[in-house]
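Notes for the structure review
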Amino acid sequence: MKLTGGQIVVDTLVREGVPYLVGIPGPQTLGLLDALLGQDRLQMLQVRHEQAAVFLADGYYRVAGTPLAVLASMGPSAMNTLSGVVSCAVDSVPVLVLAGSGPAEMADRGELQELERGRAGGSLAVFAPVARGVWRPASAAHVPRALQGAFAGMLTGRRGPAVVDLPLDVQCEAADVELAFPYAYRAGGQVLPDPDLVQRAADLLAMAHRPVILAGGGVLAAEAWDELQALAELLEAPVLTTMMGKGAFPEDHVLAGLHAGWLGSTCGNALARSADVLLAVGTRFAPRSTSHYRQGVTYSIPPTRLIHLDLDPGQIGRHYPVEVGIVSDARAGLAALLDRLRALGVSPSIGGARAGYLDEVTRLRNEWLTRVREVATDARRPVTVPRLVAELRAHLRRDAIVLTSSGTTQAHWLREATIYEPRTNLTPGGLGAMGWTLPAALGARLAAAPGRQVVGLMGDGDFLMTIQELATAAQYDIPVVLVVANNAGWIGLRDLQAAAYGPERVTGAEFLKGREPVTPDLASLARGFGCYSEWITSPEEVGPALERAFAARRPAVVEVMVERDDIPSGGQEQAWCDVPVPAYLAERRARYEELAGAR
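Described below are features of the structure shown in this document. (Residues numbered from 1 in each chain as written. Predicted model: local features only at pLDDT ≥ 70, side-chain atom pairs only at ≥ 80, totals over all residues. Heavy atoms only, no water.)

A closer look at the packing of helix α1 (residues 5–15) against helix α6 (residues 143–155)
Two elements in contact, α1 and α6, have axes separated by 10 Å at closest approach and are oriented at 35°. Judged by the twist between their axes, the crossing of α1 over α6 is right-handed. Facing Gly5, Ile8, Val9, Thr12 and Leu13 of α1, the residues of α6 in contact are Val143, Pro144, Leu147 and Phe151. Residues that form the contact of α1 with α6 fall into these classes: 7 nonpolar, 2 polar and no charged. (Axes fitted to C-alpha atoms, helices over the stretch in contact; angles between N-to-C directions. Helix = DSSP H or I, 4+ residues; strand = E, 2+ residues; numbered from the N terminus. Left-handed = near helix turned anticlockwise from the far one by under 90°. Contact = heavy atoms within 4.5 Å. Nonpolar A, V, L, I, M, F, W, Y, C, P; charged D, E, K, R; others polar.)

Quick word on the pairing of strand β7 (residues 162–167)
Within β7, 6 of the 6 residues are buried, leaving the element largely enclosed by the surrounding structure. Side chains of β7 alternate between two faces, with Ala162, Val164 and Leu166 and Val163, Asp165 and Pro167 buried alike. Pairing between strand β6 (residues 134–135) and β7: 2 bridges, direction parallel. What sits directly across from Val134, in β7, is Val163. For the crossover that starts at β6, traverses α6 and ends in the parallel β7, the hand is right-handed. (Buried < 20%, exposed > 50% of the residue type's maximum accessible area, 1.4 Å probe, protein only. Pairing = 2+ DSSP bridges. Right-handed = clockwise from strand over helix to strand, strands pointing away.)

Remarks on the sheet that holds strand β15 (residues 401–404)
Read across the sheet, 6 strands follow the order β16-β15-β17-β18-β22-β21 without closing on themselves; strand pairing throughout is parallel. Each end of this open sheet is capped by a strand with a single partner; those strands are β16 (425–426) and β21 (532–536). Bridging between β15 and strand β17 (residues 454–459) involves 4 bridges; their strand directions are parallel. Residue pairing across strands places Val402 opposite Val455, the latter belonging to β17. Each of β17, β18 (481–486) and β22 (556–561) touches helix α14 (residues 385–395); the most contacted strand, β18, lies at about 165° to it. In this fold helix α16 (residues 437–447) packs onto β15, β16, β17 and β18, with an angle of close to 175° to the strand it touches most, β17.

A few points about the packing of aromatic side chains
Both the distance between ring centres and the angle between the ring planes are used here to describe each pair of aromatic rings. As enumerated under the stated definition, the model contains 7 aromatic pairs in all. Between Tyr20 and Tyr60, the ring centres sit 5.9 Å apart and the planes meet at 85°, which makes this aromatic pair edge-to-face. On the criterion of sequence distance, the pair formed by Tyr20 in strand β2 (residues 20–23) and Tyr60 in helix α3 (residues 50–64) is long-range, its members being 40 residues apart. Overall, the relative accessible area of 9% leaves Tyr60 in the buried class. On the numbers, 5.3 Å between centres and 80° between planes, the contact of Trp490 with Phe511 is edge-to-face. Placement of Trp490 in the loop between β18 and α19 (491–501) and of Phe511 in the loop between α19 and β19 (512–513) is noted, with a sequence separation of 21 residues between them. Judged by relative accessible area, which is 22%, Phe511 ranks as partly exposed. Three or more aromatic residues joined by ring pairs form one cluster here, namely Phe285, Tyr293, Tyr299 and Tyr320. (Phe/Tyr/Trp six-rings, centres within 6.5 Å; stacked < 30°, edge-to-face > 60°.)

Details of the sheet that holds strand β12 (residues 277–281)
Backbone-to-backbone hydrogen bonds pair the strands of a sheet. The strands run either parallel or antiparallel. With respect to topology, 6 strands assemble into an open sheet ordered β11-β10-β9-β12-β13-β14, the strand pairing being parallel. This sheet does not close on itself; its edge strands, each paired only once, are β11 (256–259) and β14 (324–327). Sheet twist, expressed as the average angle between the axes of neighbouring strands with direction ignored, equals 15°. Where strand β13 (residues 305–310) and β14 come together, 4 bridges link them in parallel fashion. Looking across to β14, one finds that Ile307 is bridged to Val324. Those strands touched by helix α8 (residues 195–207) are β12, β13 and β14, and its axis lies near 135° from that of β14. Here helix α10 (residues 225–235) sits on the sheet in contact with β9 (211–215), β10 (239–241) and β12, set at roughly 170° to β9.

A look at the nonpolar core
Leu13, Leu96, Leu98, Leu403, Phe463, Leu470 and Leu482 are the most contacted members of the largest nonpolar core, which has 83 residues in total. Not counting the four nearest positions on each side in its chain, Leu482 is found in contact with Leu438, Ala441, Gly456, Met458, Phe463, Leu470, Ala556, Val557 and Val558. Grouped together as the second largest cluster of nonpolar side chains are 58 residues, Leu231, Leu234, Val324 and Val361 included. (Core = buried A, V, L, I, M, F, W, Y, C linked by side-chain atoms within 4.5 Å.)

A word on the environment of Val480
Looking at the element boundaries, Val480 is found in the loop between α18 (470–475) and β18. The exposure class assigned to Val480 is buried, which follows from its relative accessible area of 0%. Spatially, the C-alpha atoms of Val480 and Glu547 are 12 Å apart, while their sequence positions differ by 67 residues. Setting aside residues up to four positions removed in sequence, Val480 forms contacts with Ala441, Leu442, Arg445, Val454, Arg554, Pro555 and Ala556.

If you want it as structure tokens, here you go:
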């Protein structure tokens with residue numbers, strides 16, 4: 001059939017099941033925009049900043065498992081997507097960026113918004129190190145091949161973003177093409193583990209006295225949570241999760257070991273460092289989840305014997321030596337281990353050899369939860385962040401989806417909130433981008449079933465980075481609830497400065513006018529955008545305000561004034577974060593070097 005380049009893009013997105021094209025139009029996208037007319041299966045969503053378009057697509061994918069397409073034009077528009085693309089690359093989230101550019105015959109002539117200095121076609125070269133690929137079709141006839149390569153790259157192996165540069169003349173010219181369905185150009189199935197390596201891993205696990213399973217984001221990406229729980233119950237092994245893996249295992253389960261690392265729990269760190277065999281699945285052992293590799297703080301590898309199962313061979317043995325390294329999809333690998341262990345005759349030994357170990361797991365978890373409850377019942381006004389987290393968890397359903405970005409709210413939600421179901425804890429765990437929560441929450445709300453609770457929890461600094469997307473929420477009537485913990489500053493950073501350098505060294509991290517905290521009236525700003533909003537300060541107000549926000553059935557912002565002095569739950573007392581100290585702070589520098597030398 002004869003189709004323009006723009007029509008080929010639209011038809012391909014429809015065949016791939018993409019429901020939304022998210023972005024900002026520009027003069028270099030006119031041919032693609034026009035091709036949207038006359039069909040109703042691909043909807044254009046206008047955001048107010050291109051970075052937010054990628055964050056929205058990120059949140060959508062994490063709930064629905066379907067990638068979205070992002071529309072940008074050349075120059076600053078495409079560059080605005082870069083931080084979102086990098087975030088998706090680190091967290092293995094597929095998103096397709098379609099960047100319009102000027103006519104091909106005008107390429108590399110310095111047209112308005114074109115970056116041509118240094119190298120030909122340089123505008124999108126910045127994406128090459130992070131995207132799964134960058135494609136630039138030279139004609140309409142080449143567009144199908146470029147899109148097929150982009151989708152195959154995004155959705156095969158370790159997933160990630162892809163970028164396609166679409167010159168305006170390519171969007172507008174026509175070609176005779178036959179469009180294929182996805183199965184014709186994209187590999188299916190799972191990456192299966194080597195049976196010999198599975199046998200070796202099963203033998204180690206069967207003989208372990210203190211086995212621990214660490215579940216990373218790869219478990220959620222592979223939808224392997226059922227296999228994970230079955231394996232844990234067969235081995236009677238506690239399950240820890242990384243930041244990206246939180247939700248892969250129900251945290252009210254008797255084998256829940258919770259979270260380990262710098263932002264982890266005392267329970268998770270104690271179990272991690274005392275394991276004799278550790279099965280790590282779908283994780284890259286990031287510094288924060290390992291207490292920056294300081295031996296014996298979170299992990300003790302060796303003597304702990306590590307079995308590392310991951311889809312990406314580059315992650316295996318990268319930070320810790322492995323006893324067995326298995327390249328596999330998480331679901332296929334866990335299923336193979338289950339089959340092999342059952343064949344070896346392994347079965348739960350209730351009341352048997354591991355009874356004492358299971359009692360220890362229960363004791364450690366209860367000790368941690370007691371500490372969490374103690375800080376979560378603080379009655380002061382304004383409300384503390386731990387109390388806010390506790391009130392939110394108490395008033396949300398088990399399957400509520402909660403999104404957080406980097407900062408104080410993310411840290412407390414990670415440590416203190418109990419997560420029950422997969423894909424209900426969404427956070428940019430790799431890049432740690434701020435400004436992510438609001439647009440990602442819009443994407444999650446669009447992807448979630450009607451009536452399901454979706455909440456974005458963020459600080460005021462995070463909120464102000466992408467506050468303009470309240471206009472997007474209001475325009476499309478996206479009924480998401482946003483809870484903003486307002487402490488007038490980057491208080492997580494302030495607290496890190498104080499802990500590492502001393503309280504007298506805090507600088508540049510608070511929003512101050514003179515010596516007094518200063519903040520906009522965020523609730524009034526939200527009303528100005530057309531959203532429902534409330535302003536509250538006390539713990540008792542959180543639950544009722546949340547209920548009214550959901551009942552509003554439109555975008556809602558609950559601004560919560562929170563205590564500015566952080567109330568720690570105790571996990572960091574046993575963990576460690578590698579924050580170098582300036583040499584002129586002699587005593588603190590000496591202490592830092594002593595701790596750093598213990599890695």
